[in-house]
Amino acid sequence: MNNIVILTTIFKQPEKIVDDYFESLLNQSFKFFDVILIDDGCDNISEKICKYKSLNIKVFEGTGSIPKNRSLMIEKAMTQGYEKLIFCDFDDAQSTNRVEIATELLSKYDLIVNDVTPFNSSGVIERNVLSKRFVNGSRITLDEILDFNFIGFSNSAINASVVDFLDFSFPDELIAVDWYFFSRILLKNISSVFTSEATTFYRQHETNIIGIGNFNEQVFKNTLKVKRVHYIALASCSLFFSEKLIRIESLQRLVDLKDPYIDKLIEFNKRQQSTLLWWELREEIYEVDKR
């Protein structure tokens, strides 16, 4: 058995997306890895993977719950003794060197975060968006993901040893499961690094919970909801999250009161939308208006 595994969950997907995913695995420059696949309703998954017999794919039945499926894929990797865990969402793809770069860096660091290149049916939208915010080789800490997230189950890799302490029963109400998971890990002050040497091709489509580089009133309301759930789930872990929760709940009260400030805040973030990351809400205007 290889000691490296790629983890993902799959639900009903068009044939092209399935093929794109497996082709990106077949094209990896480093070949010595297994694949754990949590099947949560994909039609005829056994027939689909027959085309990719050169990959060692292990399929497990899903649970119908996004948080439980995520915890299940990690649990399966841990119980089967894998040492290096590489995440890639099934509707995304990977640069040909991603496994090679992740494997190399995991010999030095516990958490690897690689770049992201969003694309859609028309092609690449923008290459390596994270490099505009983070320097290649820089350390990633909890501070970087307190207010928003960029570490997902699509562009990250970890050493299994860093999750030994985790309870795999993720709260069912979680929406941003990846944000929760990596926040828990980074609370332990582990070694981590951002790399721009590899990228994940992040598919933008209507079924994304939230895309990137887009902001409107609905995104704003959804962001408040996600952040509130996130901070409540983590409040018992650190005062950092309790303080953030207070902030989000104060904004929600302003929404409920139809305070005109909310319209200003939404417009402010619309003007910044091309540089916003997941669940990001810039509140510089908030500080100005409160004076």
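A few points on the structure.

### Structural notes on the nonpolar core
Judged by nonpolar contacts, the single largest core of 70 residues is most densely connected at Leu85, Phe87, Phe150, Ile158, Phe181 and Phe182. Top contributing element to this core by residue count: helix α6 (residues 217-234), with eight residues. Leaving out residues up to four positions away in the same chain, phenylalanine 87 has contacts with Leu7, Met73, Ile74, Arg98, Phe153, Ser154, Asn155, Ser156, Ile158, Phe181 and Phe182. Core analysis: the second largest hydrophobic core is formed by 28 residues, Ile6, Ile49, Tyr52 and Cys88 among them.

### Quick look at the packing of aromatic side chains
Enumeration over the complete set of coordinates arrives at 18 aromatic pairs. Between phenylalanine 170 and tyrosine 180, the ring centres sit 5.7 Å apart and the planes meet at 70 degrees, which makes this aromatic pair edge-to-face. On the criterion of sequence distance, the pair formed by phenylalanine 170 in the loop between β8 (156-159) and α5 (177-186) and tyrosine 180 in helix α5 is long-range, its members being 10 residues apart. The buried category is assigned to tyrosine 180, whose relative accessible area is 6%. Between tyrosine 202 and tryptophan 278, the aromatic rings sit 5.3 Å apart at their centres with planes inclined by 90 degrees, giving edge-to-face as the arrangement. A residue pair is termed long-range when its members are at least 10 positions apart, and tyrosine 202 in strand β9 (residues 192-203) and tryptophan 278 in the loop between α8 (260-272) and α9 (284-290) qualify at 76 residues.

### Describing the packing of α5 against α6
Between α5 and α6, the least distance of the axes is 10 Å, while the angle of their chain directions is 35 degrees. The crossing of α5 and α6 is right-handed. Packed against α5, whose contacting residues are Trp179, Tyr180, Ser183 and Arg184, the element α6 presents Val226, Lys227, His230, Tyr231, Ala233 and Leu234 at the interface. Considering only residue class, the contact of α5 with α6 consists of six nonpolar, two polar and two charged.

### Quick look at the pattern of salt bridges
Inspection of the entire model under this criterion finds 14 salt bridges. Put simply, aspartate 20 and lysine 16 hold a salt bridge, and the shortest N to O gap is 2.8 Å. Within this pair, aspartate 20 and its partner lysine 16 are both found in helix α1 (residues 15-26), separated by four residues, close to a single helical turn. Look at aspartate 20 and you get partly exposed, because its relative accessible area is 24%. Residue classification places lysine 16 among the exposed positions, given a relative accessible area of 55%. Linking aspartate 172 and lysine 68 is a salt bridge whose minimum nitrogen-to-oxygen distance equals 2.6 Å. In this pair, aspartate 172 sits in the loop between β8 and α5 while lysine 68 sits in helix α3 (residues 66-79), placing the two residues 104 residues apart along the sequence. Residue aspartate 172 is classed as partly exposed on the basis of its relative accessible area, which comes to 47%.

### Description of α5
Counted residue by residue, α5 has 10 buried out of 10 residues, so it is predominantly covered. Considered for burial, the residues of α5 that qualify are Val177, Asp178, Trp179, Tyr180, Phe181, Phe182, Ser183, Arg184, Ile185 and Leu186.

### Description of unusual backbone geometry
Residue asparagine 128 is not a glycine yet carries a positive backbone phi of 50 degrees. Since its relative accessible area comes to 26%, asparagine 128 is described here as partly exposed.

### A few points about the environment of phenylalanine 153
Positionally, phenylalanine 153 belongs in the loop between β7 (123-124) and β8. Taking the relative accessible area as the measure of exposure, phenylalanine 153 reaches 2% and is therefore buried. C-alpha of phenylalanine 153 to C-alpha of tryptophan 279: the two residues are 126 residues apart in sequence and 15 Å apart in space. Beyond its immediate chain neighbours, meaning those up to four positions away, phenylalanine 153 contacts Arg70, Met73, Ile74, Phe87, Cys88, Asp89, Val177, Asp178, Phe181 and Phe182.

The rules behind each value
- Residues numbered from 1 in each chain as written.
- Predicted model: local features only at pLDDT ≥ 70, side-chain atom pairs only at ≥ 80, totals over all residues.
- Heavy atoms only, no water.
- Core = buried A, V, L, I, M, F, W, Y, C linked by side-chain atoms within 4.5 Å.
- Buried < 20%, exposed > 50% of the residue type's maximum accessible area, 1.4 Å probe, protein only.
- Helix = DSSP H or I, 4+ residues; strand = E, 2+ residues; numbered from the N terminus.
- Contact = heavy atoms within 4.5 Å.
- Phe/Tyr/Trp six-rings, centres within 6.5 Å; stacked < 30°, edge-to-face > 60°.
- Axes fitted to C-alpha atoms, helices over the stretch in contact; angles between N-to-C directions.
- Left-handed = near helix turned anticlockwise from the far one by under 90°.
- Nonpolar A, V, L, I, M, F, W, Y, C, P; charged D, E, K, R; others polar.
- Salt bridge = Lys/Arg side-chain N within 4 Å of Asp/Glu carboxyl O.

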